[in-house]
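Residue strings, one per chain:
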Amino acid sequence: MSRPLLVIDGDSLAHRAYHAIPKTIRRGEERRPANALVGFSNFLLRLREAEQPRAILVGWDSLDSPTYRHELFSGYQGGREFDAELLEQLDLLPKLVRAFGFAAAKAAGYEADDFLAAAVKHEEERGGTAVVATSDRDSFQLASPRTTILQPVRGVSELTRVGPEEVRERYGVEPAQVPDFIALRGDPSDRLPGAKGVGPKTAADILRQYGSLEAALAEGRFAAQADELRIYKRMATLDADAPLPPLEDQTPAWADASAFARELGMNALADRLAGHAST
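Just so we're clear, the structure is a prediction, and the values are computed from it rather than from any experiment.

Procedures and definitions
Residues numbered from 1 in each chain as written. Predicted model: local features only at pLDDT ≥ 70, side-chain atom pairs only at ≥ 80, totals over all residues. Heavy atoms only, no water. Helix = DSSP H or I, 4+ residues; strand = E, 2+ residues; numbered from the N terminus. Rg over C-alpha atoms; globule rule 2.2 N^0.38 Å. Contact = heavy atoms within 4.5 Å. Areas by Shrake-Rupley, 256 points an atom, 1.4 Å probe, with all protein chains shown as cover. Lys, Arg positive; Asp, Glu negative; His and termini not counted. Charge placed at Lys NZ, Arg CZ, Asp CG, Glu CD. Buried < 20%, exposed > 50% of the residue type's maximum accessible area, 1.4 Å probe, protein only. Pairing = 2+ DSSP bridges. Core = buried A, V, L, I, M, F, W, Y, C linked by side-chain atoms within 4.5 Å. Axes fitted to C-alpha atoms, helices over the stretch in contact; angles between N-to-C directions. Polar contact = N/O pair within 3.5 Å; in protein donor to acceptor, adjacent residues only side chain to side chain. Phe/Tyr/Trp six-rings, centres within 6.5 Å; stacked < 30°, edge-to-face > 60°. Parallel < 35°, antiparallel > 145°, perpendicular 65-115°, else oblique. Left-handed = near helix turned anticlockwise from the far one by under 90°.

A.B. asks: Is there a simple way to explain the overall build of the protein chain in this structure?
C.D. replies: Within the protein chain, the regular secondary structure consists of 12 helices and eight strands. In terms of C-alpha radius of gyration, the protein chain reaches 20 Å, essentially the compact-globule figure of 19 Å for 279 residues. Overall, the protein chain is about 65 × 45 × 30 Å in size when its C-alpha atoms are taken along their principal axes. Residue pairs in contact within the protein chain that sit at least 24 positions apart in sequence constitute 68% of those at least 6 positions apart. With an accessible surface of roughly 12800 Å², the protein chain has 49% of that area assigned to carbon and sulfur atoms. Across the protein chain, the 34 positively charged side chains and the 42 negatively charged ones have centroids separated by 3 Å.

Printed below as a string of structure tokens:
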């Protein structure tokens, strides 16, 4: 059996680690914050062991530059604020991922889940399979016979597997209809209002009746909101053309990762990785 490509939403899982693991975990003589670094690293190692992937790609948001979604809708993700200690760790995590010998994708104008979509497209086109770890339900649109979503249930320690059938059970729509569903229902986490008076059940009913948002609009539904809803759908659609680093088969660079962890003052993690390098 061929090994899958493991694709991880770095920001999503780092945020969960930061809020799930005590902030008393520090690193180095200056006692810099380390809970997200430690939690994410533990999650990464555990997930690699469980999935045995041929390669790992971790996608990251670029928080200092707007995406086309922000340009389309000024209220997108409005009001989000991040702790300074989390931001400090988010700056270091892509470097740590690369030290492991894994791939990290980050570019101005793109979000982490765009890289997830691009990686899934890449892997499916080459005839492979993918496993996508993220808490972002926008990624349900990627579920297919070749791609499974791993969604955290509690912190970063418990995961549930989501395929096309699970998407149908949860939303009542096909994976390909998820962007239409989000446009109609709205998405509170991203501050997308959706269609007036439409909740999850009505959104699913509309898509079962018409097949797509565009078909519903063509029949005169939501005429006053048509342009807005098209924008919401575009925002909910992941950009599968996001730029990717090479995704050849990987061999973990345990010694390099151990050295980098020690440089960061994370000696317990460094010792653990050194143990991998010696086996």
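There is more to say after this.
A.B. asks: Where do I start with the pairing of strand 6 (residues 130-133) in this structure?
C.D. replies: Along any regular strand, the residues point their side chains to alternate faces of the sheet. Burial of the side chains of strand 6 extends over both faces: Ala130 and Val132 are buried on one face and Val131 and Ala133 on the other. One ladder, built from four bridges, connects strand 1 (residues 5-9) with strand 6; its direction is parallel. Across the sheet, residue Ile8 finds its bridge partner in strand 6, namely Ala133. Where strand 6 meets strand 7 (residues 147-154), four bridges bridge the pair, whose relative direction is parallel. Each residue of the ladder has a partner; that of Val132, found in strand 7, is Ile149.

A.B. asks: Any chance you could explain the environment of Val58 here in plain terms?
C.D. replies: Locating Val58 in the fold gives a position in strand 4 (residues 55-59). Assessed through its relative accessible area of 0%, Val58 is described here as buried. Not counting residues up to four positions away in its chain, the partners in contact with Val58 are Ile8, Gly10, Phe40, Val97, Ala103, Ala104 and Ala105.

A.B. asks: For this particular structure, what's the right way to read the nonpolar core?
C.D. replies: One broad trend across soluble globular proteins is that nonpolar side chains are buried collectively. With 46 residues, the main nonpolar core has Leu184, Phe222 and Leu229 as its most contacted residues. Per-element tally for this core: the top contributor is helix 5 (residues 112-125), with six residues. Phe222 has contacts with Leu184, Ala195, Val198, Ile206, Leu217 and Leu229, leaving out every residue within four places of it along the chain. Among the nonpolar cores identified, the runner-up in size contains 37 residues, and Ala36, Leu92, Phe102 and Ala261 belong to it.

A.B. asks: What is the right way to read the sheet that holds strand 7 from this model?
C.D. replies: Strand pairs in the sheet, formed through backbone hydrogen bonds, run parallel or antiparallel to each other. The mixed open sheet is built from six strands, whose spatial order is 5-4-1-6-7-8. Two strands in the sheet have a free side with no partner beyond their single neighbour: strand 5 (103-105) and strand 8 (158-162). On average, each strand axis in the sheet is inclined to that of its neighbour by 25°, with strand direction left out of account. Where strand 1 and strand 4 come together, five bridges link them in parallel fashion. Each residue of the ladder has a partner; that of Leu5, found in strand 4, is Ala55.

A.B. asks: I would appreciate a short explanation of the side chain of Thr147 in the present structure.
C.D. replies: If you trace the backbone, Thr147 turns up in strand 7. Among the polar contacts made by the side chain of Thr147, one reaches the side chain of Glu124 at a distance of 2.7 Å. Filtering out sequence-adjacent residues up to four positions away, Thr147 remains in contact with Val120, Glu124, Ala130, Val132 and Leu142.

A.B. asks: Help me understand unusual backbone geometry in this model?
C.D. replies: Backbone geometry follows two general trends: most residues other than glycine have a negative phi, and most peptide bonds adopt the trans configuration. Even without being a glycine, Arg31 presents a positive backbone phi close to 55°. Given a relative accessible area of 46%, Arg31 falls into the partly exposed group. At Phe222, a residue that is not glycine, the phi angle is positive and equals roughly 55°.

A.B. asks: Would you mind showing me how to read the packing of aromatic side chains here?
C.D. replies: Each aromatic ring pair is described using two quantities: the centre-to-centre distance and the angle formed by the ring planes. Inspection of every chain in the model, using the stated rule, returns six aromatic pairs. Summarising the aromatic geometry, the rings of Phe100 and Trp254 are spaced 6.3 Å apart at their centres and angled 85° between planes, so their arrangement reads as edge-to-face. In this pair, Phe100 is assigned in the loop between helix 4 (84-99) and strand 5 and Trp254 in helix 11 (residues 254-263), connecting sequence segments 154 residues apart. Phe100 sits in the buried class, given a relative accessible area of 1%.

A.B. asks: Before we go on, may I ask you to explain the packing of helix 7 (residues 178-185) against helix 8 (residues 200-210) in this structure?
C.D. replies: How two helices pack is summed up by the angle between their axes together with the distance between the axes. Interaxial distance between helix 7 and helix 8 falls to 9 Å at its minimum, and their mutual angle equals 135°. By the angle between their directions, the pair helix 7 and helix 8 is classed as oblique. Along this stretch, helix 7 crosses helix 8, giving a crossing that reads as right-handed. Between helix 7 and helix 8, the residues in contact are Asp180, Phe181, Leu184 and Arg185 and Pro200, Ala203, Ala204, Ile206 and Leu207, respectively.

A.B. asks: Quick question: what am I supposed to make of helix 1 (residues 10-20) here?
C.D. replies: Note: α-helices contain 3.6 residues per turn, so residues at a spacing of three or four share the same orientation. Within helix 1, eight of the 11 residues are buried, which leaves the element mostly enclosed by the surrounding structure. Turning to helix 1, its buried residues are Gly10, Asp11, Ser12, Leu13, Ala14, His15, Ala17 and Tyr18.

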